[in-house]
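Chain and residue survey
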Amino acid sequence: MQAILLKGYGGPEVLALGTTADPVPGPEEILIAVRAAGINRADLLQREGRYPPPEPRPEQEILGLECAGIVEAVGDRVTDFVLGQPVAALVTGGAYAEKVAVHQRMAFAVPPNLGWPEAAAIPEAFLTAYDALTDKAQIGAGDSVLIHAAAGGVGSAAVQLAHWMGASIVATVGSQEKAHLVRNLGADEAVVYRDQRFAEVIAARGKGVDIILDFVGQAYWDDNISSLVPGGRLIVVGTLSGAVTDVNLGLLLQKRLTIRGTALRSRPLEDRMQLMQKFISHALPSLADGRLKPVVDVAFEFGQVAEAHEYVARDRARGKVLLTW
Ligand SMILES: NC(=O)c1ccc[n+]([C@@H]2O[C@H](COP(=O)([O-])OP(=O)(O)OC[C@H]3O[C@@H](n4cnc5c(N)ncnc54)[C@H](OP(=O)(O)O)[C@@H]3O)[C@@H](O)[C@H]2O)c1
């Protein structure tokens with residue numbers, strides 16, 4: 001099969017279209033003929049050699065954490081899917097290829113209203129945001145949520161999901177154009193962080209927020225802590241500005257805060273399967289009827305993968321960036 005292979009670790013120039021052996025599905029796995037795959041920030045780090053794939057390390061390291069395509073083969077014990085069915089899946093690597101094998105419980109049938117790029121835009125962004133808001137933040141209707149990097153892949157899913165769950169939303173973004181996008185997705189207020197400090201906007205409201213979904217880390221730590229209500233929950237999903245910071249433990253206990261980190265790829269398969277099945281029964285129907293929408297910014301051809309990585313690295317993404325065959 002054709003795949004995007006790594007010539008080494010480094011910049012986008014190490015990504016090269018090449019050929020490698022087809023994956024062979026295990027007894028409970030399906031083989032997907034990939035039509036579209038999502039690009040994630042983790043792919044950029046893995047390309048640089050800063051985010052190694054989980055053990056056991058694959059013989060051929062291929063990037064890509066999510067895809068949509070057609071079921072081309074099934075293992076002996078597969079009961080959930082049939083040949084020719086359109087599916088999307090969350091994988092721990094290997095989606096930048098013509099074929100990828102995945103456990104049947106990590107895939108879902110693509111709702112008929114969605115095309116390939118839309119379907120491939122769902123797994124990583126929506127599952128990360130869904131898990132952060134539900135299991136990690138224990139969101140309830142009427143909660144107020146501050147969502148950073150809100151126009152990005154995960155952020156654009158988080159804004160919609162929080163709105164769908166009945167929360168009020170303050171979103172932070174880097175431009176007026178992105179502010180417009182997140183308001184359309186359900187944010188009640190959008191703060192362009194280059195013009196205004198979000199902590200000042202929240203302080204001016206007279207009440208902090210119940211939940212923060214943070215992708216920024218270091219640069220936002222102090223303002224995040226000051227923006228939470230007593231008993232508030234900070235969920236650390238990414239560390240785009242850096243991962244190391246000074247912590248005033250006194251403030252944490254005075255405000256009785258909960259701080260939780262989350263990561264999808266490194267979790268045991270059993271945990272990821274449970275999350276996927278919960279998402280399928282709870283949220284997927286709303287993607288099928290259009291109440292939730294994958295936000296597709298742009299789809300590049302697989303051969304333009306280097307350009308696509310540059311696009312994401314330059315913070316241009318408004319929603320998801322995809323690769324298609
Ligand atoms: N824990 C997990 O399981 C998990 C899963 C998926 C993703 N993630 C992490 O979540 C983060 C977001 O992923 P994504 O796929 O949504 O990325 P994305 O689509 O590329 O969006 C990220 C956006 O964040 C903003 N940003 C970048 N650097 C920033 C900084 N220093 N300060 C403030 N804003 C910054 C940029 O938008 P603006 O123009 O608005 O600044 C950028 O477009 C990444 O760190 C990723 O690794 C974690």
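That block above? That's the structure.
Summarised in this report is the structure supplied together with it. (Residues numbered from 1 in each chain as written. Predicted model: local features only at pLDDT ≥ 70, side-chain atom pairs only at ≥ 80, totals over all residues. Heavy atoms only, no water.)

1. What to know about the side chain of Thr262
Mapped onto the secondary structure, Thr262 falls in the loop between β13 (258-261) and α9 (269-282). Apart from the residues within four sequence positions on either side, Thr262 is in contact with Asp131, Lys136, Ile235, Val236, Val237 and Arg267. (Helix = DSSP H or I, 4+ residues; strand = E, 2+ residues; numbered from the N terminus. Contact = heavy atoms within 4.5 Å.)

2. Side note on α9
Taking 1.5 Å of rise per residue, 14 residues should cover 20 Å, and α9 covers 20 Å from first to last C-alpha, within 8% of that figure. Of the positions making up α9, those classed as buried are Arg272, Met273, Leu275, Met276 and Phe279. Take α9 and look down its axis: the buried residues cluster within an arc of 165°, on one side only. More than 90 degrees from the buried face of α9, the exposed residues found are Gln274 and Ser281. Contact partners of the buried residues in α9: β5 (86-90), β6 (99-103), β7 (107-109), α3 (123-136) and α10 (284-288). (Expected span 1.5 Å × (residues − 1). Buried < 20%, exposed > 50% of the residue type's maximum accessible area, 1.4 Å probe, protein only. Arc of directions from axis to C-beta.)

3. Digging into the pairing of strand β12 (residues 228-236)
The two faces of the sheet receive side chains in turn, since in a regular strand these alternate between them. Where strand β11 (residues 209-214) and β12 come together, five bridges link them in parallel fashion. Bridge pairing links Leu213 to Ile235 in β12. As judged from the four bridges shared by β12 and β13, these two strands associate in the parallel manner. Note on β13: the bridge partner recorded for Leu234 is Ile259. (Pairing = 2+ DSSP bridges.)

4. Notes on the nonpolar core
Among the nonpolar cores identified, the biggest contains 94 residues, and Ile30, Tyr96, Ile147, Leu213 and Phe279 are the most heavily contacted of them. Take this core: its biggest share by element is seven residues, from α3. Two domains each provide a minimum of three residues to this core, namely domain 1 (2-122 + 265-324) and domain 2 (125-261). Every residue in contact with Leu213, bar those within four places of it in the chain, is listed here: Ala132, Leu133, Leu146, Ile147, His148, Ala158, Ile235 and Val237. Among the nonpolar cores identified, the runner-up in size contains 16 residues, and Phe198, Trp221, Leu252 and Leu257 belong to it. (Core = buried A, V, L, I, M, F, W, Y, C linked by side-chain atoms within 4.5 Å. Domains from an automatic or database assignment.)

5. Observations regarding the packing of aromatic side chains
Considering all chains together, one arrives at seven aromatic pairs under this definition. Consider the rings of Tyr130 and Phe279, whose centres lie 5.6 Å apart with planes at 80°: the pair is edge-to-face. In this pair, Tyr130 sits in helix α3 while Phe279 sits in helix α9, placing the two residues 149 residues apart along the sequence. Comparing Tyr130 with Phe279 shows no difference in burial state: the two are buried. Centroid distance Tyr193 to Tyr220: 6.5 Å. Interplanar angle 75°. Geometry classified as edge-to-face. One end of the pair, Tyr193, is in the loop between β10 (189-192) and α6 (198-205); the other, Tyr220, is in the loop between β11 and α7 (221-227), and 27 residues separate them in sequence. Of the aromatic side chains, those joined through ring pairs into one cluster are Tyr96, Phe302 and Trp325. The cationic tip of Arg265 hangs over the ring face of Tyr51; the distance from NZ or CZ to the ring centre is 3.7 Å. (Phe/Tyr/Trp six-rings, centres within 6.5 Å; stacked < 30°, edge-to-face > 60°. Lys NZ or Arg CZ within 6 Å of the ring centre and 35° of its normal.)

6. What about unusual backbone geometry?
With an omega dihedral of -10°, the bond running from Glu55 to Pro56 counts as a cis peptide bond. You can see Pro56 is positioned in the loop between α1 (41-47) and β4 (66-74). Positive phi outside glycine occurs at Arg256, with the angle close to 55°. By secondary structure assignment, the location of Arg256 is in the loop between α8 (249-255) and β13.

7. Side note on the site of the ligand
The ligand sits among 23 residues. The nearest are Gly153, Gly174, Lys178, Tyr193 and Thr262. Between an oxygen atom of the ligand and a side-chain N or O atom of Arg41, the distance comes to 2.8 Å. Taking Gly153, its main chain carries an N or O atom lying 2.8 Å from an oxygen atom of the ligand. In the complex, the protein chains occlude 87% of the 920 Å² of accessible area that the ligand would expose alone. Those elements giving two or more residues to the shell around the ligand turn out to be α3 and α4 (153-164). Each residue belonging to the shell around the ligand can be placed in one class, and the counts come to 12 nonpolar, seven polar and four charged. When we break the shell around the ligand down by domain, the ones giving at least three residues each are domain 1 (2-122 + 265-324) and domain 2 (125-261). (Near = heavy atom within 4 Å. Polar contact = N/O pair within 3.5 Å; in protein donor to acceptor, adjacent residues only side chain to side chain. Areas by Shrake-Rupley, 256 points an atom, 1.4 Å probe, with all protein chains shown as cover. Nonpolar A, V, L, I, M, F, W, Y, C, P; charged D, E, K, R; others polar.)

8. With respect to the sheet that holds strand β9 (residues 168-173)
Reading across from one edge, β10-β9-β8-β11-β12-β13 is the order of the six strands in this open sheet, with parallel pairing throughout. Of all the strands in the sheet, just β10 and β13 have a single pairing partner and so form its edges. Each neighbouring strand pair of the sheet contributes to a mean axis angle of 15°, computed without reference to strand direction. Relative to β9, strand β8 (residues 144-147) runs parallel, the two being bridged by four bridges. Residue pairing in the sheet places Leu146 in a bridge with Val170 of β9. In the packing of α6 onto the sheet, contacts are made with β8, β9, β10 and β11, and the angle to β10 comes to roughly 145°. (Axes fitted to C-alpha atoms, helices over the stretch in contact; angles between N-to-C directions.)

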